[in-house]
Amino acid sequence: MFLEPSAWVLQGKLLSQAAYFSQQPQDQVVVAGQSVTLPCVIVGYRGMVQWTKDGLALGGERDLPGWVRYSLMGDPLSGEHSLVIDSAELGDDAVYECQATQVGLRSHRAKLTVLVPPSDPVVEGGPVVRLKAHTPHNLTCRASGAKPAAEITWYRDGEIMHDAIYSKTLMEDGKRETAVSMLPMVPEDSDSGRTYTCRVLNPAAPAGRQTSVTISVQHPPSVTLSVQPQTVMEGAKVLFICSASANPEITGYRWSKGGVPISEANGDSLEVTVDHSYFTDPVSCEVSNSVGSTNVSTLVDVQFGPKLLTEPKPQIVDIGMDAAFTCSWTGNPPLTLAWTKQGSSVVLSNSNTLQLKAVTQDDSGTYTCKAIVPRIGVAERDVTLTVNGPPIITAEATQQAIKHSKGKLECLVGSSPPPDKIVWTFGDKILSSGSSGRFSVQTVHSDRGVLSSLILSETLAQDFQLRYNCTAWNRFGTGTALVTLEEQGMGSSFQIILCKTSFYLNIRVFGKMFWEIWGLERVKNLRREKQATESKVRKVAGDLWMGQALLAPSL
């Protein structure tokens, strides 16, 4: 029978007044393969009961479809809803909860821990471990797949050994572990024929498991490798001498450098002309007999100037972000490293990495990573930093033209990234490209930036009375410059520079020529004009020009 939601709420309240747990699941530990029962008995409740596993609902049916080894045990009419798990596996290791959903009852959260026995231990090199006499060796025993990790004990001819080094690592399933025990030893003749036993156990396998190996001590050649002289300059000759004794007798020599065989060398000595690679790539002499071989290596103390290991890579970062360059060198004797910026002698860092915090556009430029090997040599590498930021506009505050002739105003927009748009505003005009009457805009890209030119096909008297605003913007912000057009040949100019959000006012008045041509009355007029212009500039405060450039469509 279908119940209205209000009826479910009423039924839930009635059931919750009487229902309670008489048995709840508790934490349990079980060995993999065993079955386990998590009890759940609810008195006074006959509604749906479900179990959750690590928060995942297993379903409300008694046979729990989809969970082959899971089932609910007991008489549901008696409130018995115990969860039975057959042949527990590692995947059953989880937290379980019994829930009476209709009354909102939840049992204790019970942790089921599934123990897993270790696999049979494996001793590397077994069953007969052949070792070289007087050569240190670690007998290694590995036991994997256990939960918890297996304990490992070593025995030599039945006598327990206490010097083993134990470690364990978590397997990919995140629950089982692999245990490794290494038993250090320096085999002697007396160790031949001895039995070493690795025994492993954990709570899932308390009786333990073990594997035994037999030691066989053999005698490959004993080798000493020397070089004469030991310290040389790059380009000098050295002699390697490989001295060996063996039982049975030596059957051959093999030379290599950095792991690469030297085919032309086959005796007990080798003469070569060394370069810097002999400082890092060892020369090896391998001597063999019928039992085995011994390989001994040595380096040459070659002195050499700086050699670049890691090339610094150019960086492009946004303003305010951090930047880092890495440049590593090798040299012998040990080198000194210094980072500087071109145009400055200040050392910014002496480590392989140069860290620049919260960069500004002023940080853009070329940086030099210099390595100095005392008394040997110096080398350096340059790398560039580009800082993305708002446009930077460079323009002459006053630009000149001849009246009734062709005129031009220019502004150079630098910085990175390039501007999305450049707009000229003057009078009531706004122009970013193309032409409008006597005015047109040309844009040229160069290594220095983007050059925008406002071209006047013919200059008129009123053109010299206007203020011309060059505004550019990209995704980081805007930049602007205010310029004036001065009639070429005139003896005075009034310059106003608007850069980003600041105004710079500069009044220049030529002396003698000005007085002779225009006279004192002209000076008074210019002063009044200057005061009026300053008042207008302070009033608009830059926002008017910027608003026109950004909001009005281009002509």
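Remember, it's a predicted structure, so these values are computed and weren't measured experimentally. (Residues numbered from 1 in each chain as written. Predicted model: local features only at pLDDT ≥ 70, side-chain atom pairs only at ≥ 80, totals over all residues. Heavy atoms only, no water.)

## Quick notes on the overall build of the chain
Here comes step 1: Helix and strand counts for the chain come out as three helices and 48 strands.
Here comes step 2: Residues classed as buried in the chain amount to 39% of the 555 residues present.
Here comes step 3: At a minimum sequence separation of 6, the contacts of the chain that also span at least 24 residues come to 61%.
Here comes step 4: A total of about 29,500 Å² of accessible surface is found on the chain, and carbon and sulfur atoms cover 52% of it. (Helix = DSSP H or I, 4+ residues; strand = E, 2+ residues; numbered from the N terminus. Buried < 20%, exposed > 50% of the residue type's maximum accessible area, 1.4 Å probe, protein only. Contact = heavy atoms within 4.5 Å. Areas by Shrake-Rupley, 256 points an atom, 1.4 Å probe, with all protein chains shown as cover.)

## Quick notes on the state of the cysteines
Here comes step 1: Counted according to the given criterion, the structure contains five disulfides.
Here comes step 2: In this model Cys141 forms its disulfide with Cys198; the gap between the sulfur atoms is 1.9 Å. Across the S-S bond linking Cys141 and Cys198, the dihedral sits near -80°, which makes this disulfide left-handed. Note that Cys141 is positioned in strand E14 (residues 137-146) and Cys198 in strand E19 (residues 195-202), a separation of 57 residues in sequence. Note on accessibility: Cys141 and Cys198 belong to one class, buried.
Here comes step 3: Through a disulfide, Cys411 is tied to Cys470; the S-S separation comes to 1.9 Å. On the criterion of sequence distance, the pair formed by Cys411 in strand E39 (residues 407-414) and Cys470 in strand E45 (residues 467-474) is long-range, its members being 59 residues apart.
Here comes step 4: Ordering the disulfide-forming cysteines of the chain by sequence position, one finds them joined as 1-2, 3-4, 5-6, 7-8, 9-10. (Disulfide = S-S within 2.5 Å.)

## What about the sheet that holds strand E37 (residues 392-394)?
Here comes step 1: Strand order in the open sheet formed by five strands is E37-E39-E44-E43-E42, with antiparallel pairing between adjacent strands. Both outer strands of the open sheet, E37 and strand E42 (434-436), are each paired with one neighbouring strand and no more. In this sheet, adjacent strand axes meet at a mean angle of 25° when their direction is disregarded.
Here comes step 2: Bridge count for E39 against strand E44 (residues 449-456) is seven bridges, and the pairing is antiparallel. Looking across to E44, one finds that Cys411 is bridged to Ser452. (Pairing = 2+ DSSP bridges. Axes fitted to C-alpha atoms, helices over the stretch in contact; angles between N-to-C directions.)

## Focus on the side chain of Thr368
Here comes step 1: Mapped onto the elements of the fold, Thr368 is located in strand E35 (residues 365-373).
Here comes step 2: Looking at Thr368, its side chain comes within polar contact range of the side chain of Asp382, at 2.7 Å.
Here comes step 3: If near-sequence neighbours (up to four positions away) are discounted, Thr368 is found in contact with Ala338, Trp339, Thr340, Gln342, Glu380, Arg381 and Asp382. (Polar contact = N/O pair within 3.5 Å; in protein donor to acceptor, adjacent residues only side chain to side chain.)

## Considerations on the sheet that holds strand E3 (residues 36-38)
Here comes step 1: If you trace the three strands from one edge of the open sheet to the other, you get E3-E8-E7, paired in antiparallel fashion. Of all the strands in the sheet, the pair left with one neighbour each is E3 and strand E7 (70-73). Averaged over all pairs of adjacent strands, the angle between strand axes in this sheet comes to 30°, irrespective of strand direction.
Here comes step 2: Bridge count for E7 against strand E8 (residues 82-85) is four bridges, and the pairing is antiparallel. Note that in E8 the partner of Met73 across the bridge is Ser82.

## Things to note about the packing of aromatic side chains
Here comes step 1: Scanning all chains against the criterion turns up seven aromatic pairs.
Here comes step 2: Each ring, one from Phe325 and one from Tyr367, has its centre 5.8 Å from the other, and the planes form 35°; the classification is tilted. Of this pair, Phe325 sits in strand E31 (residues 323-326) while Tyr367 sits in strand E35, placing them 42 residues apart in sequence.
Here comes step 3: Between Phe426 and Phe439, the ring centres sit 4.6 Å apart and the planes meet at 50°, which makes this aromatic pair tilted. Placement of Phe426 in strand E40 (residues 421-426) and of Phe439 in strand E43 (residues 439-446) is noted, with a sequence separation of 13 residues between them. (Phe/Tyr/Trp six-rings, centres within 6.5 Å; stacked < 30°, edge-to-face > 60°.)

## Thoughts on the pairing of E8
Here comes step 1: Here E8 shows no split at all, with Ser82 and Val84 on one side and Leu83 and Ile85 on the other all buried.
Here comes step 2: Of the strand pairs in this sheet, E3 and E8 are connected by three bridges, and their pairing is antiparallel. Its bridge partner lying in E8, Val36 is registered against Ile85.

## Let's talk about the confidence of the model for the chain
Here comes step 1: Mean pLDDT over the chain works out to 85, with 85% of the residues at or above the 70 mark.
Here comes step 2: Note on residues 1-16: pLDDT under 50 across the span, and ten contacts to partners over four residues away in sequence or across chains.
Here comes step 3: Note that pLDDT drops below 50 for residues 530-555; the model gives that stretch 38 contacts with residues more than four away or on any other chain. (pLDDT = per-residue confidence, 0-100.)

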